[in-house]
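Inside the fold
Chain by chain, the residues:
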Amino acid sequence: MMNQPKQVFMSGLIVAVICLVGCGGGSNLPKGETGTVTGKVTFNGKPVPEGTSIVFLHKDKGITASSAIAADGSYALRMRREPAVLTGKYQIGITPPTVELTPEEAQAVNEGKELPEKEWPEIPKKYRNPESSGVLFTVNAGENTFDLDMK
């Protein structure tokens, strides 16, 4: 049987190891150099609808960073819930806001009917997929600014 001081020490040591290993002792990001990315997204100079998202797809690693876009068009990119983003070349996409269904639309979906796609004229279709948008940006170490005015 352990004496009380030794038992308290061992219990404390076990808790410390668990916290370091499984409770945020390390970063969720893959290994590598990082930077931060902020900017604005507009369509013909006007902010896109609030709730629109910007997605950065890393060309080599296939991982993404994203952010919701505020009412003024601003965003601050996050990767795996952290404000740091791996450096490298990214393909950029802009996704429309998620829209809640009306009760009638929800019933139609439950009955197997297809709903017409919501139109988002402020987000041209070419920008909605990072792999086909044609928009590229290289994230460098430190602070980065990426503004996109879609036409």
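First, a word on scope: everything that follows refers to the structure included in this document. (Residues numbered from 1 in each chain as written. Predicted model: local features only at pLDDT ≥ 70, side-chain atom pairs only at ≥ 80, totals over all residues. Heavy atoms only, no water.)

Here the focus is a nonpolar patch on the surface. Taken together, the side chains of Leu-101, Val-109 and Leu-115 make up a nonpolar region of the molecular surface, amounting to roughly 220 Å² of accessible area. Judged by relative accessible area, Leu-115 falls into the partly exposed class, the value being 31%. (Patch = residues over 30% accessible without salt bridge, like charges linked within 9 Å, V, L, I, M, F, W, Y side chains within 5 Å. Areas by Shrake-Rupley, 256 points an atom, 1.4 Å probe, with all protein chains shown as cover. Salt bridge = Lys/Arg side-chain N within 4 Å of Asp/Glu carboxyl O. Buried < 20%, exposed > 50% of the residue type's maximum accessible area, 1.4 Å probe, protein only.)

In this section: the pattern of salt bridges. One pass over the full model with this rule turns up 4 salt bridges. Notably, a salt bridge pairs Lys-113 with Glu-111, separated by 3.3 Å at the nearest N-O pair. Note on Glu-111: relative accessible area 47%, which makes it partly exposed.

So, on to the environment of Ala-68. Relative to the elements of secondary structure, Ala-68 occurs in strand β4 (residues 64-68). Remark: the alpha-carbon pair of Ala-68 and Glu-50, spanning 18 residues in sequence, is separated by 8.0 Å. In this structure Ala-68 touches Thr-52, Ser-53, Ser-74 and Tyr-75, once residues within four positions along its chain are discounted. (Helix = DSSP H or I, 4+ residues; strand = E, 2+ residues; numbered from the N terminus. Contact = heavy atoms within 4.5 Å.)

So, about the sheet that holds strand β3 (residues 53-58). Hydrogen bonds between backbone groups are what pair the strands of a sheet, and the pairing can be parallel or antiparallel. Spatial ordering of the open sheet is given by β4-β3-β7-β8, a layout of 4 strands whose pairing is antiparallel. Either end of the sheet is taken by a strand with one partner, and the two such strands are β4 and β8 (136-139). Put simply, the sheet's adjacent strands are angled 30° from each other on average, direction ignored. The sheet contact formed by β3 and strand β7 (residues 88-95) spans 6 bridges and is antiparallel. Each residue of the ladder has a partner; that of Ile-54, found in β7, is Ile-94. (Pairing = 2+ DSSP bridges. Axes fitted to C-alpha atoms, helices over the stretch in contact; angles between N-to-C directions.)

The next subject is the nonpolar core. Core analysis: the biggest nonpolar cluster contains 27 residues, and Ile-54, Phe-56, Tyr-75 and Phe-146 have the highest contact counts within it. Contributing elements (two or more residues each) for this core: β1 (34-43), β3, β6 (85-86), β7, β8 and β10 (148-150). Among the elements that take part in this core, β7 stands out by supplying 3 residues, more than any other. If near-sequence neighbours (up to four positions away) are discounted, Tyr-75 is found in contact with Val-37, Thr-38, Gly-39, Lys-40, Val-41, Ile-54, Phe-56, Ser-67, Ala-68, Ile-69 and Phe-146. (Core = buried A, V, L, I, M, F, W, Y, C linked by side-chain atoms within 4.5 Å.)

The next subject is the packing of aromatic side chains. The tally for this structure, following the rule as stated, stands at 4 aromatic pairs. A ring pair is formed by Phe-56 and Phe-146, whose centres lie 5.8 Å apart and whose planes are at 85°; its orientation type is edge-to-face. Of the two residues, Phe-56 is situated in strand β3 and Phe-146 in the loop between β9 (142-145) and β10; the sequence distance between them amounts to 90 residues. For Phe-56, a relative accessible area of 0% corresponds to the buried category. For Phe-146, a relative accessible area of 8% corresponds to the buried category. Among the aromatic residues, those joined into a ring-pair cluster are Phe-56, Tyr-90, Phe-137 and Phe-146. (Phe/Tyr/Trp six-rings, centres within 6.5 Å; stacked < 30°, edge-to-face > 60°.)

Coordinates in, geometry out; function isn't part of it.
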